[in-house]
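Report on the structure
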Amino acid sequence: HKGKTGEVILFNEVGAWTAAIDACGKAGRIKTAISLFEKMSELRVKPNTVTCGALTDCLLKENYLAETVRVLRYMKKEGMKPSEVMYTSLITSASKLAETENEEKGEIVLRDFGHQPSTRSVDDDIDEDDEDGEDAGMKALDVYTELILSLTSHPSTDKLFKVFLVLQEMKGVGADPDIACYNAILKACGTAGDMSRVRNVLNRIEIDGLVPNSKSWREILRAAAIARDSSIAEEMWEAALTYKKKSKTNESWSPKTEHLEQLLSSYSREASKHELPEVKAALYTKVVEAYTGIENGEENLGFCHIDLDKVKNSHRAVKMIIQATNYLDEYMSDDEDE
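So, a few notes on the structure that sits alongside this text.

About the thresholds
Residues numbered from 1 in each chain as written. Predicted model: local features only at pLDDT ≥ 70, side-chain atom pairs only at ≥ 80, totals over all residues. Heavy atoms only, no water. Helix = DSSP H or I, 4+ residues; strand = E, 2+ residues; numbered from the N terminus. Buried < 20%, exposed > 50% of the residue type's maximum accessible area, 1.4 Å probe, protein only. Contact = heavy atoms within 4.5 Å. Areas by Shrake-Rupley, 256 points an atom, 1.4 Å probe, with all protein chains shown as cover. Axes fitted to C-alpha atoms, helices over the stretch in contact; angles between N-to-C directions. Parallel < 35°, antiparallel > 145°, perpendicular 65-115°, else oblique. Left-handed = near helix turned anticlockwise from the far one by under 90°. Nonpolar A, V, L, I, M, F, W, Y, C, P; charged D, E, K, R; others polar. Salt bridge = Lys/Arg side-chain N within 4 Å of Asp/Glu carboxyl O. Patch = residues over 30% accessible without salt bridge, like charges linked within 9 Å, V, L, I, M, F, W, Y side chains within 5 Å. Lys, Arg positive; Asp, Glu negative; His and termini not counted. Charge placed at Lys NZ, Arg CZ, Asp CG, Glu CD. Expected span 1.5 Å × (residues − 1). Polar contact = N/O pair within 3.5 Å; in protein donor to acceptor, adjacent residues only side chain to side chain. Core = buried A, V, L, I, M, F, W, Y, C linked by side-chain atoms within 4.5 Å. Phe/Tyr/Trp six-rings, centres within 6.5 Å; stacked < 30°, edge-to-face > 60°. Lys NZ or Arg CZ within 6 Å of the ring centre and 35° of its normal.

Further remarks concern the overall build of the chain. From N to C terminus, the chain includes 15 helices and 0 strands. Here the chain, with 338 residues, has 45% of them falling under the buried criterion. Long-range contacts, defined here as pairs at least 24 residues apart, represent 68% of the contacts in the chain between residues at least 6 apart. Put simply, the chain shows about 17,800 Å² of open surface, and 49% of that area lies on carbon and sulfur atoms.

Rendered as structure tokens:
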């Protein structure tokens, strides 16, 4: 309804706002629909999945890809799942954009052939806080990556299957993934704790002539931790240390606190699933040994590269170290009593 000054005022009900956004979208008033969506947050009216679906539907029809990505990021942040219609529409839009990009480059797209270099840095993932809203800089690869990231928020066999369908579609239209996109796929596999797929993705990265970066190894170690398999975590840690970049610098990976957190988590998570005290003690001992290795600056596992002060400031790492120390104290005390 209209207020005294004549401006349109909506009730603070999601349904009313959603209907208004949908109506504006169907009438081609895209900027008004976007403005209403943004106004909802200002008035503390939380958009729901239907609201986001109505907005993305009209955005995609008018090829507002950057704004669509912003809605996707909002949904991911709020824990909302993309609907089947939204998922299909995004795939279609990204594929059309990829084909247009290839035509502009004058390239002939051959399915699963070669690797086209990305304009994104190999050390950068998609900036999820970037809200420039400019479609001119939006690439098909960006849309694909955001879609994959949105699927990682809801781990399930179905969602992981969709992630690899996105990858297959990308390959089909010649939009070869860069390392940022592969990191999103690794995150999806890791969230599901599927180490088999993690290994497959790591192999694809190498086949595509790319190099895993710090974020890649973090997601790989995270996957092992979620799978509660410290032996695989140790294997991947060793692999990261020996994985030389295919470049003239031949630079090796250096572990950081974020990687240590995942390694310690693999020990702690695996310990939690065992009932035998000696098995738990062995795993918790590895947690303490890792911390001691960092204190002593040991080089064999790259612990010398990890900043001890940052470890001490990591609430997560400190919590696992204290937990391990407390368990081992009790374990030793029980042994002495016996």
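It is at 10 Å that the axes of helix H2 (residues 30–42) and helix H3 (residues 49–61) come closest, and there the two elements cross at 155 degrees. The pairing of H2 with H3 is recorded here as roughly antiparallel in orientation. Along this stretch, H2 crosses H3, giving a crossing that reads as left-handed. For the pair H2 and H3, contact is made by Ile 30, Ala 33, Ile 34, Phe 37 and Met 40 and by Thr 51, Cys 52, Leu 55, Cys 58 and Leu 59, respectively. Its residues assigned to classes, the contact of H2 with H3 comprises 9 nonpolar, 1 polar and no charged.

As a further point, take the pattern of salt bridges. Scanning the model with the defined rule gives 16 salt bridges in all. Here Lys 171 and Asp 208 are joined by a salt bridge, their closest N and O atoms 2.9 Å apart. Of this pair, Lys 171 sits in helix H7 (residues 157–172) while Asp 208 is found in the loop between helix H9 (195–207) and helix H10 (214–226), placing the two residues 37 residues apart along the sequence. Assessed through its relative accessible area of 10%, Asp 208 is described here as buried. Between Arg 222 and Glu 219 there is a salt bridge whose closest N-O contact spans 3.2 Å. Note that Arg 222 and Glu 219 are positioned in helix H10 at a spacing of 3 residues, about one turn of the helix. One network of salt bridges, with partners in common, ties together Arg 218, Glu 219, Arg 222 and Glu 258.

Moving on, we get to a positive patch on the surface. Judged by side-chain charge, Arg 228, Arg 269, Lys 273 and Arg 316 come together as a positively charged surface patch. Within the fold, Arg 228 resides in the loop between H10 and helix H11 (230–242). Looking at Arg 228, the relative accessible area reads 34%, which means it is partly exposed.

This part covers the environment of Ser 314. Within the fold, Ser 314 resides in the loop between helix H14 (308–312) and helix H15 (315–337). Look at Ser 314 and you get buried, because its relative accessible area is 8%. The spatial distance from the C-alpha of Ser 314 to the C-alpha of Glu 258 is 8.9 Å, given a sequence separation of 56 residues. If near-sequence neighbours (up to four positions away) are discounted, Ser 314 is found in contact with Thr 257 and Glu 261.

A surface patch of like charges, here negative, comprises Glu 99, Glu 103, Glu 104 and Glu 169. If you tally residues by element for the negative patch, the top one is helix H5 (residues 84–105), at 3 residues. Structurally, Glu 169 can be placed in helix H7.

Look at helix H12 (residues 257–273): 25 Å from first C-alpha to last across 17 residues, which is about the 24 Å you get at 1.5 Å a residue. Here H12 lies mainly inside the structure; 13 of its 17 residues are buried.

The first and last C-alpha atoms of H10 sit 18 Å apart over 13 residues, in line with the 18 Å expected at 1.5 Å per residue. Listed in full, the buried residues belonging to H10 are Ser 214, Ser 216, Trp 217, Glu 219, Ile 220, Leu 221, Ala 223, Ala 224 and Ala 225. The opening residue of H10 is Asn 213, an N-cap whose side-chain oxygen sits 3.1 Å from the backbone nitrogen of Lys 215. Arg 228 occupies a position one or two residues after H10 and carries a positive phi of about 60 degrees.

Before going further, it helps to spend a moment on the nonpolar core. Within the largest apolar cluster, 96 residues are counted, with the highest numbers of intra-cluster contacts made by Leu 55, Tyr 144, Ile 185 and Leu 264. Other than its neighbours up to four places away in sequence, Leu 264 contacts Val 287, Ala 290, Ala 317, Met 320 and Ile 321.

Quick look at unusual backbone geometry now. Phi at Arg 44 is positive, roughly 60 degrees, even though this residue is not glycine. One non-glycine residue, Arg 228, lies in positive phi territory at about 60 degrees.

Turning our attention to the packing of aromatic side chains. Enumeration according to the criterion identifies 7 aromatic pairs in this entry. Judged by centre distance (5.6 Å) and plane angle (85 degrees), the rings of Phe 37 and Tyr 74 are edge-to-face. Here the residue Phe 37 occupies a position in helix H2, and Tyr 74 occupies one in helix H4 (residues 65–77), the gap between them amounting to 37 residues. You can call Phe 37 buried: its relative accessible area is 10%. An aromatic cluster of at least three residues, connected via ring pairs, comprises Trp 217, Trp 237, Tyr 243, Trp 253 and Phe 303. For the cation-ring pair, Arg 197 lies above Phe 164, with the distance from its terminal atom to the ring centre recorded as 4.5 Å.

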